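A look at the structure
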Amino acid sequence: MIIIAPYAQKLRTGKENPKNYPYWKELIEMIDEPIVQVGVEGEQQLVPDFRKNLPIFELRKLLKECRTWIGVDSFFQHLAWDEGVLGIVLWGPSDPLIFGHPENINLLKDRSYLVGNQFIWWEATEHSNDRFIKPKEIIPHLKE
Amino acid sequence: MSKILCSIATRGRYFTTLPLVLNAVINQTRPVDKLIVFDDNDEPQDMRKEMIYQYFFQMLDQKGIEWEWVYADKKGQHHIHQRANSMGYDLVWRIDDDAIPEPNVLENLIKHFDVGVGAVGGSVLTPPYLPDTSTISGAIDNIDSEPNIQWGKIEQVKQVEHLHCTFLYRAGVCDYNLGLSRVAHREETLFTYGLHRKGYQILAVPNAVTWHMKNPQGGIRSETRREMFEHDEQIFKNVLKNRHHTIVVLNCGLGDHIVFSHVLPAISNPLVFTCYPEVIPGKSIAEAFELFGDIEPYNIYKKMDQWKWNGSLEDAYRKMYL
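Let me sum up the structure you'll find in this document.

Conventions and cut-offs
Residues numbered from 1 in each chain as written. Chains lettered and ligands numbered in written order. Predicted model: local features only at pLDDT ≥ 70, side-chain atom pairs only at ≥ 80, totals over all residues. Pairing = 2+ DSSP bridges. Helix = DSSP H or I, 4+ residues; strand = E, 2+ residues; numbered from the N terminus. Axes fitted to C-alpha atoms, helices over the stretch in contact; angles between N-to-C directions. Contact = placed C-beta atoms within 7 Å. Buried ≥ 20, exposed ≤ 12 C-beta atoms within 10 Å, placed from the backbone. Core = buried A, V, L, I, M, F, W, Y, C linked by C-beta atoms within 7 Å. Domains from an automatic or database assignment. Nonpolar A, V, L, I, M, F, W, Y, C, P; charged D, E, K, R; others polar.

**Comments concerning the sheet that holds strand 2 (residues 35-39) of chain A**
Two strands in a sheet stick together by hydrogen bonds in their backbones, pointing the same way (parallel) or opposite ways (antiparallel). All names here are of chain A. The sheet built from six strands is open, its strands ordered 3-2-1-4-5-6 with parallel pairing. Two strands close off the open sheet at either side, each with one partner strand: strand 3 (50-52) and strand 6 (105-108). Sheet twist, expressed as the average angle between the axes of neighbouring strands with direction ignored, equals 20°. Sheet analysis places strand 4 (residues 68-72) next to strand 5 (residues 88-91), joined by three bridges and oriented parallel. Considered in strand 5, the bridge of Ile 70 is made with Ile 88. Of the strands in this sheet, strand 1 (2-5), strand 2, strand 4 and strand 5 touch helix 3 (residues 75-83), which is tilted by about 150° from strand 4.

Structural data, given as structure tokens:
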């Protein structure tokens with residue numbers, strides 16, 4: 001089983017978080033394994049098994065059961081790292097050298113897509129699909 | 001050589017003691033690299049129109065000293081000093097607008113500014129009051145029971161835990177407490193004690209005399225509301241009460257808490273304030289705000305921005321707390 005944690009925290013402005021990966025549907029179609037989505041109420045459901053608002057200890061339990069996980073730059077990548085379960089992080093405007101963990105597979109399209117100031121509120125950054133790698137580039141890493 | 005910013009906060013003293021202070025700064029034997037005057041007057045004036053100030057500005061230009069006159073935002077001198085503190089200079093020499101340094105003050109203060117030194121101050125004399133401060137400890141615990149060491153003639157270098165009024169300090173390593181009221185009671189004590197807590201030496205040194213012509217008119221602290229002093233005194237007492245702890249304020253996201261949990265075991269005697277007690281147990285952020293007035297110095301994102309950080313978040317926490 002693979003866990004996906006597709007979304008970063010909602011922004012106060014209601015705009016899409018620029019750290020959100022834009023090609024989840026295409027990616028999910030390419031994955032031939034059971035998938036459990038984790039997240040919170042209000043997020044778009046991408047697979048039949050969507051577990052919302054799980055407390056931390058439940059997420060930790062779930063992590064112990066999964067083969068691996070795929071997420072974005074959100075709290076989940078830190079939780080999984082803390083739990084010692086390695087996975088794939090899909091990076092866009094934020095810097096994996098600052099906010100990531102080298103133990104994970106950190107997939108960043110190019111450092112030129114990182115925002116200049118990494119420490120401002122994400123509300124100030126527009127979402128752009130261009131920042132992210134395409135699903136077909138992720139699949140080989142999922143098989144590692 | 002260290003770049004030195006001289007910062008003066010002024011209010012209500014355009015035509016009394018401020019000109020004396022400016023003249024004294026301009027005529028230092030070790031010139032400052034830049035002079036900045038923060039004008040916190042209720043009705044600020046364009047001093048370029050005043051003859052005496054015209055001469056001062058010309059003298060600064062002639063001596064090649066950069067200068068700037070800034071209209072401040074009337075929040076109190078702690079906000080002003082914090083601006084100076086974060087302007088990118090190595091050292092800041094802060095001077096009150098009624099404290100007139102002798103010509104050799106800066107030259108003699110900087111002589112003592114070695115690597116581990118956070119702040120250096122000389123005597124700040126207010127005639128006719130001249131207490132014997134030769135046996136003063138300068139310890140924070142004695143702040144209410146002994147005169148400030150700077151009030152008397154300092155005969156030899158002494159390591160203390162706090163300074164007041166005017167001193168030269170290492171910029172950008174410790175923040176002023178912006179939670180204080182406009183009177184900013186104890187602001188410089190809290191600031192220099194903060195440098196001491198960070199492991200820097202605080203020195204009271206001889207041959208650096210400033211004459212404090214305490215002017216009852218004007219002044220950056222010219223507020224008389226007792227509640228303001230009481231509010232600030234309470235913050236000061238809270239800082240002292242908790243001084244044996246490492247104060248940790250996690251006013252940040254869930255993921256940040258998880259990363260921080262890997263740093264926490266290395267922190268000595270932490271007192272934690274947290275947004276996610278299920279991840280990092282501790283008291284509430286509201287309580288931190290209540291106790292210390294200002295929790296911005298614990299904003300890890302602001303710090304990483306200030307440090308132009310390109311290391312990991314975990315290492316940033318280590319830099320902040322270890």
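**A few points about the environment of Leu 114 of chain A**
All names here are of chain A. In this fold, Leu 114 is placed in the loop between strand 6 and helix 5 (135-142). On the basis of neighbour count, Leu 114 is assigned to the partly exposed category, with 19 C-beta atoms found within 10 Å. Along the backbone, Leu 114 and Arg 12 are 102 residues apart, and their C-alpha atoms lie at a distance of 21 Å. Among all residues touching Leu 114, those that are not within four sequence positions of it are Pro 93 and Asp 95.

**Comments concerning the nonpolar core**
Judged by nonpolar contacts, the single largest core of 109 residues is most densely connected at Cys 6, Leu 91, Trp 93 and Leu 168 of chain B. When residues of this core are sorted by domain, at least three fall in each of domain 1 (4-220) and domain 2 (244-321) of chain B.

**Some remarks on the sheet that holds strand 5 (residues 99-101) of chain B**
All names here are of chain B. In spatial order, the strands read 5-11-7; together these three strands make up an open sheet with mixed pairing. The sheet terminates laterally at strand 5 and strand 7 (124-125), the two strands that pair on one side only. In the sheet, strand 5 pairs with strand 11 (residues 210-212) via three bridges, with the strands oriented antiparallel. Bridge pairing in strand 11 places Ile 100 opposite Trp 211.

**Quick notes on the interface of chain A and chain B**
Counting from both sides, the interface comprises 11 residues of chain A and, opposite them, 15 residues of chain B. Elements with a minimum of two residues in the side of chain A that touches chain B: helix 3 and helix 4 (96-99) of chain A. In terms of residue count, the dominant contributor to the side of chain A that touches chain B is helix 3 of chain A (four residues). A breakdown of the residues in the side of chain A that touches chain B according to their chemical character gives seven nonpolar, three polar and one charged.

**A closer look at the pairing of strand 4 (residues 91-96) of chain B**
Residue and element names in this part refer to chain B. In terms of residue burial, strand 4 counts as a mostly covered element, since six of its six residues are buried. Where strand 1 (residues 4-10) and strand 4 come together, six bridges link them in parallel fashion. Within strand 4, the position partnered with Ser 7 by the bridge is Arg 94. Across four bridges, strand 4 lies against strand 9 (residues 167-170) in antiparallel orientation. Residue pairing across strands places Leu 91 opposite Arg 170, the latter belonging to strand 9.

**Describing the pairing of strand 3 (residues 66-71) of chain B**
Residues and elements named next belong to chain B. The buried fraction of strand 3 is low, at zero of six residues. Bridge count between strand 2 (residues 34-39) and strand 3: six bridges; the pairing is parallel. Within strand 3, the position partnered with Leu 35 by the bridge is Trp 67.

In short, geometric facts, not functional conclusions.
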